[in-house]
Structures are given as C-alpha cells and as structure tokens.
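Summary of structural features
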Amino acid sequence: MSLTGRNKTSILDKPLSRGKGEVSLSCFALLFSEVVQYCQNRSHTVPELQNRLHELGRKVGVKIIDLYFLRERNGKREIKLLNILLFVKSTLWKVLFGREADKLEHSNDDENTYYLMEKEPLVNRFISVPRDKSSLNCAVFVAGIIEAVLTGTGFTAKVTAHWHKGTTYMVKFDDTVVTRDKQLEER
C-alpha cells in the first residue's frame, strides 16, 4: 500500500486489451531493422540469417503465449486444430499486426499441412534486401512466432515462410496432432 492510500497495480497485472496497445510503425520498423542487422552481423549465409530470425521469433512466441493465454483467457487454451488455426489467423494476428491474416487454406496434398497467407507482411515492408541475399524473407521471424505459439499450446508444428502470393506460412503439423484432432471429432 502506498502513502496515498491507493493500491498500485503492476503493469504486468493489467490486461492486454486495456488502452491502446499500438506501437508506432516507424518505431517498429527501426527496431526490427536493427534486429535484422544484428542477426546479419552474426551470420555468414542467408539460411543462417533466416534461422537466427526464426529462433528470435520463437522466443517472442513463447512470451505471447504467457501474455495472452494466462492473462486474457485465464489459462484456457484451444484443443481443436481448426480452432487454434483460426485463433492464429484472427486473434493473434490482430494482437501482433492490428488486422487479420489474409487467408488460411488446407493443403489438398497433405492433411498435416495448412497455409497462412499474407500479401504484404509488415516485417518485410521496411527491409531492403541486397541483391546477393535476394532469397531472404524476414517473415521467417513471424513463422518462428507462429511455431512457438502452436507448439506451446500443444499443437506441435514446423512453420516456414515462403515467397508465394506475398508471403505464405506453411504450417506442417506433427502426425500425433492430426490423429488427436480426429479422435476429438469422433467423440
């Protein structure tokens, strides 16, 4: 209790939905470009750079699980595959980027694979890629976030980012996840 007689609530105890949770676009662009430069200075090849960005994204994704599921949903999480994918496409995307992802599709060839599409990812908008690194897609950072959120909520998956209709995040779930989801549907 403070001297004024009011209890002060820690910023960590306040829900995420209160107030404006927006960050200045120029501030984000500067911070993310510094993250890319940091990773680039410690990498010798484009795949190595993308792996570093992916791992940083995974670390952010783990924190998002803590923030969202513990604060906003009192520890309740999704148990069905389609529901967690819709959560990522809508709720998670709104928390991160202020809007929903453009499209979610199920692969025709593989029942374990889904595609999340975004025409112009925010993380690629302000990054100028040198000609010698033309295959670099900084959206692997977001792929790392998605992978950590899915894996941390019990849906083990590998998420990669590809240049296709903008950026396409390929979400490939583990066989056990799909089997578990089928068993839940049979109940």
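Residues numbered from 1 in each chain as written. Predicted model: local features only at pLDDT ≥ 70, side-chain atom pairs only at ≥ 80, totals over all residues. Heavy atoms only, no water.

If you check an unreviewed UniProt entry, the protein appears there as Trafficking protein particle complex subunit 5 from Zophobas morio. One UniProt comment on the protein, placed under Subunit (unreviewed entry), says "Part of the multisubunit TRAPP (transport protein particle) complex." Taken verbatim from the UniProt record of the protein, the Function (unreviewed entry) comment is "May play a role in vesicular transport from endoplasmic reticulum to Golgi." (UniProt positions renumbered as here; feature names shortened; annotations may be inferred.)

To continue, consider the side chain of lysine 89. Note on placement: lysine 89 falls in helix α3 (residues 81-97). Owing to a relative accessible area of 15%, lysine 89 belongs among the buried residues under this scheme. In contact with lysine 89, other than residues within four places in its own chain, are Glu100, Ala101, Asp102, Lys103, Leu104 and Leu116. (Helix = DSSP H or I, 4+ residues; strand = E, 2+ residues; numbered from the N terminus. Buried < 20%, exposed > 50% of the residue type's maximum accessible area, 1.4 Å probe, protein only. Contact = heavy atoms within 4.5 Å.)

Moving on, we come to the environment of histidine 106. Inspection of the secondary structure assignment puts histidine 106 in strand β1 (residues 103-106). Excluding anything up to four places from it in sequence, histidine 106 contacts Glu111, Thr113 and Tyr114. Within the structure, histidine 106 has its side chain in polar contact with the backbone oxygen of glutamate 111 (distance 3.1 Å). (Polar contact = N/O pair within 3.5 Å; in protein donor to acceptor, adjacent residues only side chain to side chain.)

This part covers the pattern of salt bridges. Going through the model one piece at a time under the given rule, you end up with 11 salt bridges. One salt bridge in this structure joins glutamate 100 and lysine 89, with 3.1 Å as the shortest N-O distance. Here the residue glutamate 100 occupies a position in the loop between α3 and β1, and lysine 89 occupies one in helix α3, the gap between them amounting to 11 residues. Note that lysine 182 and glutamate 111 form a salt bridge whose closest N and O atoms lie 2.8 Å from each other. Residue lysine 182 is located in helix α6 (residues 175-186), and its partner glutamate 111 is located in the loop between β1 and β2 (113-118); the two are separated by 71 residues in the primary sequence. Assessed through its relative accessible area of 41%, glutamate 111 is described here as partly exposed. It is possible to trace a salt-bridge network through shared partners that takes in Arg58, Glu147 and Lys158. (Salt bridge = Lys/Arg side-chain N within 4 Å of Asp/Glu carboxyl O.)

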